[in-house]
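One letter stands for each residue in the lines below.
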Amino acid sequence: GAGVSQSPSNKVTEKGKDVELRCDPISGHTALYWYRQSLGQGLEFLIYFQGNSAPDKSGLPSDRFSAERTGGSVSTLTIQRTQQEDSAVYLCASSPNRDSNQPQHFGDGTRLSIL
Amino acid sequence: KQEVTQIPAALSVPEGENLVLNCSFTDSAIYNLQWFRQDPGKGLTSLLLIQSSQREQTSGRLNASLDKSSGRSTLYIAASQPGDSATYLCAVRTIYGGSQGNLIFGKGTKLSVKP
């Protein structure tokens, strides 16, 4: 597709379950970013990939959060043993490279609700 | 630590008015500043990107200014239309710190343009 694609668009799960969120970046984009948007908190950076490596994981809130990227393309964000405070919209963005003046292109996000 | 503040949090105007959205940031060591638009349930759309060496950028009815030394940016929307109703987010790309080069977002201004 032409834009960043995220799936699922909505996910409802019980506290304690594991969830996987998927991001398909724009074809050819080497830089990929995950953000979390919580009510009242704004957008927070989680992790950045350049190719398949993650040089910056500084935003991951706990060791329950992990992410990987394969083939320099698709990325998955995994949350283990989900807690209610994990409820948020998780947004993925990609850009052609790490150049600081390249705009980031965002997907529509996955809305995660933990019951 | 870089902090980004947007004022006002919400704004309602009649169609046709010119309006200004404000963004301030605490650390002037930035690569650039971006303005985004977010529609309900959607991701972010990049509107304008101002590099740290620039003073302003224009796109159609939108004009964004940047005063890096004072840590301020404004987004000017001319002749507002109901279709402009959305949340507008300001983000700076930092140079220093643990999130080097990542976007730091404000919490946004929710704009409503009444027909």
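Here the structure is shown first, and the text comes after it.
Residues numbered from 1 in each chain as written. Chains lettered and ligands numbered in written order. Predicted model: local features only at pLDDT ≥ 70, side-chain atom pairs only at ≥ 80, totals over all residues. Heavy atoms only, no water.

(A) Region of interest: the overall build of chain A. Counting its regular elements, chain A contains zero helices and 11 strands. Along the longest, intermediate and shortest principal axes, the C-alpha atoms of chain A span 40 × 30 × 25 Å. For chain A, the proportion of its 115 residues judged to be buried stands at 46%. Within chain A, contacts between residues at least 6 apart in sequence are counted, and of these 54% link residues at least 24 apart. For chain A, the accessible area works out to roughly 5300 Å², and carbon and sulfur atoms hold 44% of it. Taken as two groups, the 11 positive and 12 negative side-chain charges of chain A have centres that lie 3 Å from each other. (Helix = DSSP H or I, 4+ residues; strand = E, 2+ residues; numbered from the N terminus. Buried < 20%, exposed > 50% of the residue type's maximum accessible area, 1.4 Å probe, protein only. Contact = heavy atoms within 4.5 Å. Areas by Shrake-Rupley, 256 points an atom, 1.4 Å probe, with all protein chains shown as cover. Lys, Arg positive; Asp, Glu negative; His and termini not counted. Charge placed at Lys NZ, Arg CZ, Asp CG, Glu CD.)

(B) Broad picture of the pattern of salt bridges. Enumeration according to the criterion identifies six salt bridges over all chains in this entry. Lys42(B) is paired through a salt bridge with Asp108(A); the nearest N and O atoms lie 3.9 Å apart. One end of the pair, Lys42(B), is in the loop between strand E4 (30-38) and strand E5 (44-51); the other, Asp108(A), is in the loop between strand E10 (105-106) and strand E11 (110-114), on a second chain. Taking the shortest distance from any N to any O, the salt bridge between Arg37(B) and Asp39(B) comes out at 3.0 Å. Look at Arg37(B) and you get buried, because its relative accessible area is 17%. On the basis of relative accessible area, Asp39(B) is assigned to the partly exposed category, the value being 27%. (Salt bridge = Lys/Arg side-chain N within 4 Å of Asp/Glu carboxyl O.)

(C) The sheet that holds strand E6 (residues 56-59) of chain B, seen in detail. Residue and element names in this part refer to chain B. Strands sit in the order E1-E3-E8-E7-E6 across an open sheet of five strands; the sheet is antiparallel. Each edge of the sheet is formed by a strand with only one pairing partner; in this case those strands are strand E1 (4-7) and E6. Pairs of neighbouring strands in the sheet enclose a mean axial angle of 15°, with direction left out of account. The pairing of strand E7 (residues 62-67) with strand E8 (residues 72-77) spans six bridges and is antiparallel. When the sheet's bridge partners are listed, Asn63 is paired in E8 with Tyr76. (Pairing = 2+ DSSP bridges. Axes fitted to C-alpha atoms, helices over the stretch in contact; angles between N-to-C directions.)

(D) Looking closely at the interface of chain B and chain A. In this assembly, 22 residues from chain B lie in contact with 23 residues from chain A. Roughly 1700 Å² of surface becomes buried between chain B and chain A when both sides are summed, with 45% attributable to carbon and sulfur atoms. The tally of links between chain B and chain A comes to one salt bridge. Across the contact surface, chain B and chain A share three residue pairs in polar contact (both at pLDDT 80 or more). Put simply, the parts of the chain that give the side of chain B that touches chain A at least two residues each are E4, E5, strand E9 (86-94) and strand E10 (103-105) of chain B. Examining the composition of the side of chain B that touches chain A, we find that five residues originate from one element, E4(B), more than from any other. Across the side of chain B that touches chain A, the residue classes break down as seven nonpolar, 12 polar and three charged. (Buried area = accessible area lost by both parts, 1.4 Å probe. Polar contact = N/O pair within 3.5 Å; in protein donor to acceptor, adjacent residues only side chain to side chain. Nonpolar A, V, L, I, M, F, W, Y, C, P; charged D, E, K, R; others polar.)

(E) Highlighting the state of the cysteines. On inspection of all chains with the given rule, the structure shows two disulfides over all chains. Here Cys23(A) pairs with Cys92(A) through a disulfide, and the sulfurs are 1.9 Å apart. Across the S-S bond of Cys23(A) and Cys92(A) the torsion is about -65°, and the bridge reads as left-handed. One end of the pair, Cys23(A), is in strand E3 (residues 19-24); the other, Cys92(A), is in strand E9 (residues 88-95), and 69 residues separate them in sequence. Like Cys92(A), Cys23(A) is buried. Disulfide pairing is shown between Cys23(B) and Cys90(B); the S-S distance is 2.0 Å. As the torsion about the S-S bond is roughly -60°, the Cys23(B)-Cys90(B) disulfide counts as left-handed. In this pair, Cys23(B) is assigned in strand E3 (residues 19-25) and Cys90(B) in strand E9, connecting sequence segments 67 residues apart. A relative accessible area of 2% means that Cys23(B) is categorised as buried. (Disulfide = S-S within 2.5 Å.)

Without other data, these values stay purely geometric and don't point to any function.
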